[in-house]
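The chain contents come next:
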Amino acid sequence: MRKRLLVPLSNNDAAPKSGWLDLEQAAVVEVSSESGSHPIEGALLSDGAKGWRANSPGLQTIRLRFDHPQTIRLIRVVFREEESSRTQDFVLRWLPQGESAWKEIVRQQWNFNPPNTVEESEQYNVELLSAVAIELSINPDISRAGAMASLQRLQVSAEPQVKAV
């Protein structure tokens, strides 16, 4: 007989009732830059209302390296721009366990045009088995080199890991 034991999510793995990973406990974050007044925690933690802003212009990278491989089912990104019109390009990638090449999930452009179009919110249903990392690369403005990247929210939902017995 073959059977599998479901390993329950501990309080360290996911936020209660939401299904979203508690990234503070489940991953190490790597970021190419961050503003002192808008650190990356502002986009990743549930109590972070300010979002994240880069400290330098141009292409920026946010990378989540999970403590344990995750089966990712849902990724949500929210961008807000209330100050200037710009065309942003972003790429979301993932790294499977045991591999060295990143795999692209989505590449997308969005036009911000305040005050009418200030928010882009995307939710991706995915099936990323044994993901050890997720990477978000943001080009804040494809036509201007001096624009600053920002991210209002990044959330990742994972299912419990299954352990064979």
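Before any of the text, the structure's been laid out above.
Think of each chain on its own: its residues are numbered from 1, step by step along the sequence as written. Local features in a predicted model are, by the rule used here, given only for residues with pLDDT of at least 70; side-chain atom pairs are given and counted only at 80 or more, and totals for whole chains, interfaces and linings are based on all residues. Here the side-chain values reflect all heavy atoms present in the structure, with hydrogen atoms and water set aside.

A. Expanded view of the overall build of the protein chain. If you tally the helices and strands in the protein chain, you get 2 helices and 10 strands. In the protein chain, which comprises 165 residues, the share counted as buried stands at 44%. Whether two residues are in contact is decided by their heavy atoms: any pair within 4.5 Å suffices. A fraction of 72% describes how many contacts in the protein chain between residues 6 or more apart in sequence connect residues 24 or more apart. We get accessible surface area from the Shrake-Rupley algorithm with a probe of 1.4 Å; when it comes to residues, only the shown protein chains can shield them. In the structure as shown, the protein chain presents an accessible area of about 9200 Å², 47% of it carried by carbon and sulfur atoms. A run of H or I in DSSP counts as a helix once it spans at least four residues, and a run of E counts as a strand once it spans at least two, with each numbered from the N terminus. Note on exposure labels: buried denotes an accessible area under 20% of the residue type's maximum, exposed denotes more than 50%, and partly exposed covers the range between, all computed with a 1.4 Å probe on protein chains only.

B. Layout of the pattern of salt bridges. By convention in these notes, a salt bridge is any Lys or Arg side-chain nitrogen within 4 Å of a carboxyl oxygen on Asp or Glu. Under the definition given, this model contains 12 salt bridges. Of the charged contacts, one joins glutamate 119 and arginine 80 as a salt bridge, the two residues approaching to 2.8 Å between their closest N and O atoms. Residue glutamate 119 is found in strand 7 (residues 119-139), and its partner arginine 80 is found in strand 4 (residues 60-80); the two are separated by 39 residues along the sequence. Overall, the relative accessible area of 39% leaves glutamate 119 in the partly exposed class. Among the residues examined, arginine 80 registers a relative accessible area of 27% and is labelled partly exposed.

C. Spatial organisation of the packing of aromatic side chains. Side-chain rings of Phe, Tyr and Trp (the six-membered ring for Trp) are treated as a pair once their centres are within 6.5 Å; stacked means planes under 30 degrees apart, edge-to-face means over 60, and tilted covers the remaining angles. Taken as a whole and judged by the stated rule, the model has 1 aromatic pair. Consider the rings of phenylalanine 79 and phenylalanine 90, whose centres lie 5.0 Å apart with planes at 40°: the pair is tilted. On the criterion of sequence distance, the pair formed by phenylalanine 79 in strand 4 and phenylalanine 90 in strand 5 (residues 86-96) is long-range, its members being 11 residues apart. Pair check on accessibility: phenylalanine 79 and phenylalanine 90 agree, each one buried.

D. A look at the side chain of glutamine 60. Tracing the backbone shows glutamine 60 in strand 4. N or O atoms closer than or at 3.5 Å make up a polar contact, with two conditions inside protein: a donor-capable atom paired with an acceptor-capable one, and, for residues adjacent in sequence, both atoms drawn from side chains. A distance of 2.6 Å separates the side chain of glutamine 60 from the side chain of serine 32, its partner in a polar contact. In contact with glutamine 60, other than residues within four places in its own chain, are Ser32, Ser33, Trp52, Ala54, Leu136, Ser137, Ile138 and Ala149.

E. Unusual backbone geometry, seen in detail. Residue proline 115 is bonded to the preceding proline 114 through a cis peptide linkage, with omega at 5°. Residue position: proline 115 is located in the loop between strand 6 (103-112) and strand 7. A positive phi angle, close to 55°, is found at serine 130, a residue other than glycine. On the secondary structure map, serine 130 appears in strand 7.

F. Seen up close, the nonpolar core. Grouped together as the largest cluster of nonpolar side chains are 33 residues, with contacts concentrated most on Trp52, Phe66 and Ile72. The set of elements that each furnish at least two residues to this core consists of helix 1 (23-26), helix 2 (41-44), strand 4, strand 5, strand 6, strand 7 and strand 9 (153-159). Put simply, a nonpolar core is a bunch of buried Ala, Val, Leu, Ile, Met, Phe, Trp, Tyr and Cys residues held in one set by side-chain atoms that sit within 4.5 Å of each other.

G. Representation of the pairing of strand 5 within the structure. For strand 5, the buried fraction is high: 11 of the 11 residues fall into the buried class. Where strand 5 meets strand 6, 9 bridges bridge the pair, whose relative direction is antiparallel. Across the sheet, phenylalanine 90 pairs through a bridge with glutamine 108, a residue of strand 6. One requirement defines pairing of two strands: DSSP has to find at least two bridges between them. Where strand 5 folds back on strand 6, the antiparallel hairpin that results is connected by 6 residues, among which glycine 98 adopts a positive phi of roughly 80°. For strand 5 and strand 7, the ladder comprises 8 bridges, and the chain directions are antiparallel. Looking at strand 7, one finds that leucine 95 is bridged to alanine 133.

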